[in-house]
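Listed below are the residues making up each chain.
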Amino acid sequence: MSMTHVFPTYDRFDFEPISGNGVVVTDDQGQDYLDFTSGIGVCNFGYENTKIQNAVSVQLTKMWHISNLYQNHLQEAVAELLVGDEDKLVFFANSGTEANEAALKLARKATGKSKVLSFNHSFHGRTYGSMSMTGNDHIKEGFAPLVPDISFVDYNDEASLDAITDDLAAVILEVIQGEGGVIVGDQDWLHAVQAKCKVTNTLFIIDEVQTGIGRTGYKFAYQGVGLDPDIVTSAKALANGLPVGAMIGKANLGPAFGPGTHGSTFAGNPLTMSAAQAVLTQLTPAFLEEVRDKAASVWDELDRFDDLKIVNSVSGRGLMIGIHLTADVAVNDVIKALHQKGLLTLSAVGNTLRLLPPLVMSKSDLLSGLHTIYQVLEENM
Ligand SMILES: *Cc1c(COP(=O)(O)O)cnc(C)c1O
């Protein structure tokens, strides 16, 4: 088929996945694919997860929308699951970009300052505020004027610390830059950024839209490296595919987001909240430990990839993986070759083959997928 009635904003592959079960996706021709994409880091619990499906089915028959003018016990339950025993508050949104818009608005309102520092190669979304904080010129091309007072410095660079000054409302970053090429933040540098934010009264915002909800083996990736951000944003995997975003902020920011300051018609509706609740109740310490254990085997296997001539390096944490290919091969050709072998994969900036398998994938399926990738990369040498 060809899609002639839809704006051509996406460069789509020529087949249509129509169903999914566990970690396998089936297309309209009946071909099965082992899924190393989870949507794009969304279906962390795979397809047809019984607990999520049951929760949503039950809620569907009760009520799927009611406005934010009333009490909502599901929002409270999800917020409680998100913050744990920390003194934090949650604002619900419908997507990652909306969660980051909320963070930008809150940072300006709470500090009374306007300037925001972001990083080259970052990705924070496509709406104006989030796009303006995104460190990729290609994404912003033709859309000027952007939101003012946002500047960019290099990620993982000591010199960037000098740009964190008293006149900033916030610094925003990803613990691992996802779309930008699976670039892992250096732990000492991340802590230095946080420390500089503290002394300059700058809010430290961590965008966990891609890295969160177990992707790196922790509820949020910042917890794995011991950070303490003022604001955290989440979306993608939060409701395993139903549209939910969340901004989590320290409770002392509460007064800046009082009644009427911000809102959303759909956000936090009972249907998506029932899915988020079923996701977060399954994201137990034992589940996360299992993810870290599976990831350890995956990273043992990935060591071998350095031997391949068309691989420059491999980066990532947990089940967020970037295989950086040399200029000798185009990542999209590799992705298409992998489709032929029954495997779905993603790309990222910098000719990077990006892998985001569902966290529920078995160790043997993870290793078998890697084996397929190794073979295809070897054949392309
Ligand atoms: C995907 C992504 C976003 C945008 O999320 P949407 O739900 O597409 O708006 C923001 N930040 C990061 C780090 C992402 O990976």
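For the structure itself, consult the block above.
The notes below deal with the structure included here. Fair warning: this is a prediction, and the values are worked out from it, not measured in the lab. (Residues numbered from 1 in each chain as written. Predicted model: local features only at pLDDT ≥ 70, side-chain atom pairs only at ≥ 80, totals over all residues. Heavy atoms only, no water.)

Turning our attention to the overall build of the chain. Counting its regular elements, the chain contains twelve helices and 17 strands. Its C-alpha atoms give the chain principal-axis dimensions of about 55 × 55 × 45 Å. Across the 381 residues that make up the chain, the buried fraction comes to 53%. A separation threshold of at least 6 residues defines the contact pool for the chain, and within that pool the share at least 24 residues apart is 70%. Within the structure as shown, the chain displays about 17300 Å² of accessible surface, and the carbon and sulfur contribution to it stands at 52%. (Helix = DSSP H or I, 4+ residues; strand = E, 2+ residues; numbered from the N terminus. Buried < 20%, exposed > 50% of the residue type's maximum accessible area, 1.4 Å probe, protein only. Contact = heavy atoms within 4.5 Å. Areas by Shrake-Rupley, 256 points an atom, 1.4 Å probe, with all protein chains shown as cover.)

Applying the stated criterion across every chain yields a total of nine salt bridges. Here Lys115 and Asp167 are joined by a salt bridge, their closest N and O atoms 3.1 Å apart. Placement of the pair is Lys115 in strand S5 (residues 115-119) and Asp167 in the loop between strand S6 (150-153) and strand S7 (168-173), with a sequence separation of 52 residues. With relative accessibility at 36%, the residue Lys115 sits in the partly exposed group. Its salt-bridge partner being Lys341, residue Glu379 comes within 3.9 Å of it at the nearest N-O pair. Of this pair, Glu379 sits in helix H12 (residues 363-379) while Lys341 sits in the loop between helix H11 (331-340) and strand S15 (343-344), placing them 38 residues apart in sequence. (Salt bridge = Lys/Arg side-chain N within 4 Å of Asp/Glu carboxyl O.)

Quick look at unusual backbone geometry now. In this model, Ala144 is joined to Pro145 through a cis peptide bond whose omega is 0°. Its location among the elements puts Pro145 in the loop between helix H6 (137-140) and S6. Its identity as a non-glycine residue notwithstanding, Val182 has a phi of 55°, on the positive side. Residue class for Val182 comes out buried when judged on its relative accessible area of 0%. If you check the backbone angles, Asn240 has positive phi at about 55° while not being a glycine. In this structure, Asn240 sits in the loop between strand S11 (231-234) and strand S12 (245-250). By relative accessible area, which is 10% here, Asn240 ends up buried.

Now for the nonpolar core. Grouped together as the largest cluster of nonpolar side chains are 86 residues, with contacts concentrated most on Ile323, Leu353, Ile373 and Leu377. A per-element tally of this core places helix H9 (residues 270-282) first, with seven residues. Those residues in contact with Leu353, other than ones at most four positions away along the chain, are Ile321, Gly322, Ile323, Leu325, Val331, Val334, Ile335, Leu338, Thr345, Leu346 and Ile373. Core analysis: the second largest hydrophobic core is formed by 19 residues, Ala102, Val116, Met133 and Met247 among them. (Core = buried A, V, L, I, M, F, W, Y, C linked by side-chain atoms within 4.5 Å.)

This paragraph deals with the site of the ligand. Around the ligand, the neighbouring residues are Ser95, Gly96, Thr97, Asn100, Phe123, His124, Gly125, Glu174, Asp207, Val209, Gln210 and Lys236. Within the backbone of Thr97, a nitrogen or oxygen atom sits 2.8 Å from an oxygen atom of the ligand. With respect to the ligand, the side chain of Lys236 contributes an N or O atom lying 2.6 Å from an oxygen atom. The fraction of the free accessible surface of the ligand (380 Å²) that becomes covered by protein chains is 81%. Considering every element that reaches the shell around the ligand, the biggest residue donor is helix H4 (residues 96-111), with three residues. Class assignment for the residues of the shell around the ligand results in two nonpolar, seven polar and three charged. (Near = heavy atom within 4 Å. Polar contact = N/O pair within 3.5 Å; in protein donor to acceptor, adjacent residues only side chain to side chain. Nonpolar A, V, L, I, M, F, W, Y, C, P; charged D, E, K, R; others polar.)

Moving on, we get to the sheet that holds strand S17 (residues 352-355). Pairing is antiparallel in the open sheet, where four strands are placed in the order S13-S14-S17-S16. A single partner strand is all that each edge strand has here, and the edge strands are strand S13 (311-317) and strand S16 (346-348). The average angle at which neighbouring strand axes cross in this sheet is 30°, direction not considered. In the sheet, S13 pairs with strand S14 (residues 320-325) via six bridges, with the strands oriented antiparallel. Each residue of the ladder has a partner; that of Val311, found in S14, is Leu325. (Pairing = 2+ DSSP bridges. Axes fitted to C-alpha atoms, helices over the stretch in contact; angles between N-to-C directions.)

This next bit is on the sheet that holds strand S3 (residues 32-35). Backbone hydrogen bonds are what pair the strands of a sheet, in a parallel or an antiparallel way. Taken together, the four strands give an open sheet; going across it, the order is S1-S2-S3-S15, and neighbouring strands pair in mixed fashion. The open sheet terminates on both sides in strands that have one partner only, identified here as strand S1 (17-21) and S15. As paired elements, S3 and S15 share two bridges and run parallel to each other. The residue of S15 that forms the bridge with Leu34 is Leu343.

Residues Asp300, Asp303, Asp306 and Asp307 make up a contiguous surface patch of negative charge. Relative to the elements of secondary structure, Asp303 occurs in the loop between helix H10 (285-302) and S13. With relative accessibility at 52%, the residue Asp303 sits in the exposed group. (Patch = residues over 30% accessible without salt bridge, like charges linked within 9 Å, V, L, I, M, F, W, Y side chains within 5 Å. Lys, Arg positive; Asp, Glu negative; His and termini not counted. Charge placed at Lys NZ, Arg CZ, Asp CG, Glu CD.)

So, on to the packing of aromatic side chains. Evaluated as defined, the whole model comprises eight aromatic pairs. Ring geometry for Phe119 against Tyr155: centres 6.1 Å apart, planes inclined by 75°, an arrangement best described as edge-to-face. In this pair, Phe119 is assigned in strand S5 and Tyr155 in the loop between S6 and S7, connecting sequence segments 36 residues apart. Between Tyr155 and Trp189, the ring centres sit 5.2 Å apart and the planes meet at 65°, which makes this aromatic pair edge-to-face. On the criterion of sequence distance, the pair formed by Tyr155 in the loop between S6 and S7 and Trp189 in helix H7 (residues 187-199) is long-range, its members being 34 residues apart. Look at Tyr155 and you get buried, because its relative accessible area is 10%. Put simply, the rings of Phe119, Tyr155 and Trp189 pair up and form one aromatic cluster. In this structure, Arg292 packs its charged tip against the face of Tyr218, placed 4.8 Å from the ring centre. (Phe/Tyr/Trp six-rings, centres within 6.5 Å; stacked < 30°, edge-to-face > 60°. Lys NZ or Arg CZ within 6 Å of the ring centre and 35° of its normal.)

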